[in-house]
Amino acid sequence: MTRKLLLTGAKGQVGCCLLQQASALGWYVLAVDRDELDITDKAAVSLAVTEFKPDIIINAAAHTAVDKAETDIDASYAINRDGPAYLAQGAQQVGALLLHISTDYVFAGDKDGLYVESDPVDPQGVYGASKLAGEQAVAEFCERHLILRTAWVFGEQGNNFVKTMLRLASQRDSLGVVADQVGGPTYAGDIASALLTMAQRALQPDFKDWGIYHFSGEPHVSWHGFACAIFAAAVSQQLLTQAPRVNAIATTDYPTPAKRPANSRLDCTRIRSVFGIAPSAWPAALTDLSPYMPA
Ligand SMILES: NC(=O)C1=CN([C@@H]2O[C@H](COP(=O)(O)OP(=O)(O)OC[C@H]3O[C@@H](n4cnc5c(N)ncnc54)[C@H](OP(=O)(O)O)[C@@H]3O)[C@@H](O)[C@H]2O)C=CC1
Ligand SMILES: Cc1cn([C@H]2C[C@H](O)[C@@H](COP(=O)(O)OP(=O)(O)O[C@H]3O[C@@H](C)C(=O)[C@@H](O)[C@H]3O)O2)c(=O)[nH]c1=O
């Protein structure tokens, strides 16, 4: 059956992958980004949803500039809380399911083990707090919702840590990267694939497992370990003649406006048991780094 999908944030890292994969499934996709549908415009969101009447809405739009968010507070809340609220109200009105993406940054990062969905949240910065407010708005306004918390996203489109590292490698012989923040790098294409699998299952009339799911990459690694893996892959693919020296530094040696969680490791048991979705295997996604190289 042809599915009607309203996809917001369609030009972002995850949005691009969603558009490509949903189109390949033969879905009828209304793919919009900020220029076509600003999700902070309540009237425009309501009109788009009621006119298109989607079966599914996936919100891949967000304010993702973590440090900038500390001073861009109004914009962060408008995009990360109010926009999802308007989409949730629209979804509820037309009977669509809403899939929304959230982040490991809703947690403080001081837990010893892996974070499960029911763990207490305690965001350390404006980005995480505004994303948490977005989760709460989605749950409040739309019964048939799925929230996918993910972490450390990288993909061929858009800006991410992999591209930053490869750009720095073209400019410097050595760099310092924090070794005391640990998480699961997650390939954007795997997030898109997980969301579409979830949507297909959730469209079945017997589906009842609404709520929050964790999905991120394995193995868990520090940003320093991830940087080393990126450079090793780039050298083996002959995209770099030599890796820069990567010094393992402490968070305190790399001061940033926003505080980041030391432990970003998400337990992905629930998504596997409900949907059969395995964690993203990030080393496999580094197999061809050519699209990530600076122009
Ligand atoms: N990036 C990461 O490491 C992580 C991301 N996430 C979450 O995953 C989701 C996808 O992230 P990612 O693909 O990396 O994000 P990107 O920043 O790559 O893409 C977000 C998209 O949203 C668009 N957008 C911003 N504001 C609006 C608006 N008012 N109306 C409509 N569109 C808007 C952006 O457009 P423009 O470029 O014009 O601003 C951009 O195209 C987000 O919910 C994010 O919070 C979760 C964990 C980690
Ligand atoms: C560029 C650079 C960063 N770092 C550190 C800073 C930080 O602690 C870590 C990652 O830096 P970034 O600023 O690229 O990552 P950041 O923007 O914090 O990434 C986050 O984005 C949001 C959207 C999310 O939801 C999170 O899951 C997470 O992916 O690496 C270094 O130690 N050395 C460097 O040269």
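Starting from 1, residues in each chain are numbered consecutively following that chain's sequence as written. Labels are handed out in written order, letters beginning with A for the chains and numbers beginning with 1 for the ligands. Only residues with pLDDT of at least 70 get local features here, since the model is predicted, and only at 80 or more are side-chain atom pairs given and counted; chain-wide, interface and lining totals rely on the full set of residues.

**Student:** Give a description of the packing of helix H5 (residues 161-169) against helix H7 (residues 223-236) that names residues and reports values.
**Tutor:** Following both chains from N to C, one finds H5 and H7 inclined at 65 degrees, their axes separated by 10 Å at the closest point. Crossing hand, H5 versus H7: right-handed. When H5 is examined against H7, the residues Phe161, Val162, Met165, Leu166 and Ala169 are found in contact with a partner set consisting of Phe226, Ala227, Ile230, Phe231 and Ala234. Considered class by class, the residues forming the contact of H5 with H7 number ten nonpolar, no polar and no charged. Angles shown run from 0 to 180 degrees and are taken between the N-to-C directions of axes, each axis being a line fitted to C-alpha atoms and, for helices, limited to the stretch in contact. Numbering goes from the N terminus for both helices and strands, where a helix is a DSSP run of H or I of at least four residues and a strand is a run of E of at least two. Crossing handedness is defined as follows: a turn of the near helix away from the far one that is anticlockwise and smaller than a right angle gives a left-handed crossing, while the clockwise case is right-handed. A pair of residues counts as a contact when their C-beta atoms, built from backbone coordinates, are separated by no more than 7 Å. Residue polarity follows a fixed list, in which Ala, Val, Leu, Ile, Met, Phe, Trp, Tyr, Cys and Pro are nonpolar, Asp, Glu, Lys and Arg are charged, and the others, Gly among them, are polar.

**Student:** How would you summarise the environment of Ala202 if you had to cite specific residues and measurements?
**Tutor:** Mapped onto the elements of the fold, Ala202 is located in helix H6 (residues 188-202). Along the primary structure Ala202 and Gly109 are separated by 93 residues, whereas in three dimensions their C-alpha atoms are 30 Å apart. Those residues within four positions of Ala202 in sequence are excluded, and the remaining contacts are Leu97, Leu146 and Phe207.

**Student:** Could you give an account of helix H2 (residues 42-52), with specific residues and numbers?
**Tutor:** Counts of 20 or more other C-beta atoms within 10 Å of a residue's own C-beta define buried residues, counts of 12 or fewer define exposed ones, and intermediate counts define partly exposed ones; C-beta atoms are placed from the backbone. Every buried residue of H2 is accounted for by Val45, Ala48 and Val49. An end-on view of H2 places all buried positions within 90 degrees of arc, on one side of the element. Exposed side of H2, more than 90 degrees from the buried face: Ala43, Thr50 and Glu51 are the residues found there. Tucked into the core, H2 has its buried residues touching strand S1 (4-8) and helix H3 (73-94). Immediately downstream of H2, the backbone of Lys53 shows phi near 50 degrees, a positive value. By construction, the arc corresponds to the directions joining the helix axis to the C-beta atoms.

**Student:** Requested: an account of the confidence of the model for the protein chain, with residues and values cited.
**Tutor:** Residue-level confidence of the predictor is summarised by pLDDT, bounded by 0 at the bottom and 100 at the top. Counting all residues, the mean pLDDT for the protein chain is 97, and 100% of those residues have values of 70 or more. The complex prediction reports pTM at 0.98, with the ipTM value standing at 0.98.

**Student:** Which residues make up the site of ligand 1, and what values do they have?
**Tutor:** Residues are classed as near a molecule or strand if the C-beta position derived from their backbone is within 6 Å of it. As a structural note, the neighbourhood of ligand 1 is formed by 27 residues, with Gly9, Gly12, Gln13, Ala61 and Ala62 the closest of them. Contributions of two or more residues to the shell around ligand 1 are made by helix H1 (13-24), H3 and strand S4 (97-103). Here the shell around ligand 1 gets three residues from one element, more than from any other, and that element is H1. When grouped by side-chain class, the residues that make up the shell around ligand 1 number ten nonpolar, twelve polar and five charged.

**Student:** Break down the pairing of strand S5 (residues 145-150) for me, with residues and values.
**Tutor:** Counting buried positions along S5 gives six out of six residues, so the element sits mostly inside the fold. Covered by surrounding structure in S5 are His145, Ile147 and Arg149 together with Leu146, Leu148 and Thr150, the residues of both alternating faces. Examined bridge by bridge, S4 and S5 share six bridges and lie parallel to one another. Bridge assignment links Leu98 to a residue of S5, and that residue is His145. Think of it like this: strands point away, you trace from the first strand over the helix to the second, and a clockwise trace means the crossover is right-handed. Viewed along the sheet, the connection from S4 through helix H4 (residues 126-141) into S5 turns out right-handed. A pair of strands is treated as paired once DSSP finds two or more bridges between them. Sheet analysis places S5 next to strand S10 (residues 211-214), joined by four bridges and oriented parallel.

**Student:** I'd like a description of the sheet that holds S5, backed by residues and values.
**Tutor:** The six strands lie next to each other as S2-S1-S3-S4-S5-S10, forming an open sheet whose pairing is parallel. Each edge of the open sheet is held by one strand with a lone partner, namely strand S2 (28-32) and S10. Looking at each pair of strands side by side, their axes are set apart by 20 degrees on average, direction ignored. With respect to the sheet, H3 is in contact with S1, strand S3 (56-59), S4 and S5, its orientation differing from that of S4 by roughly 160 degrees. Helix-sheet contacts for H4 involve S4 and S5, and the interaxial angle to S4 is about 160 degrees.

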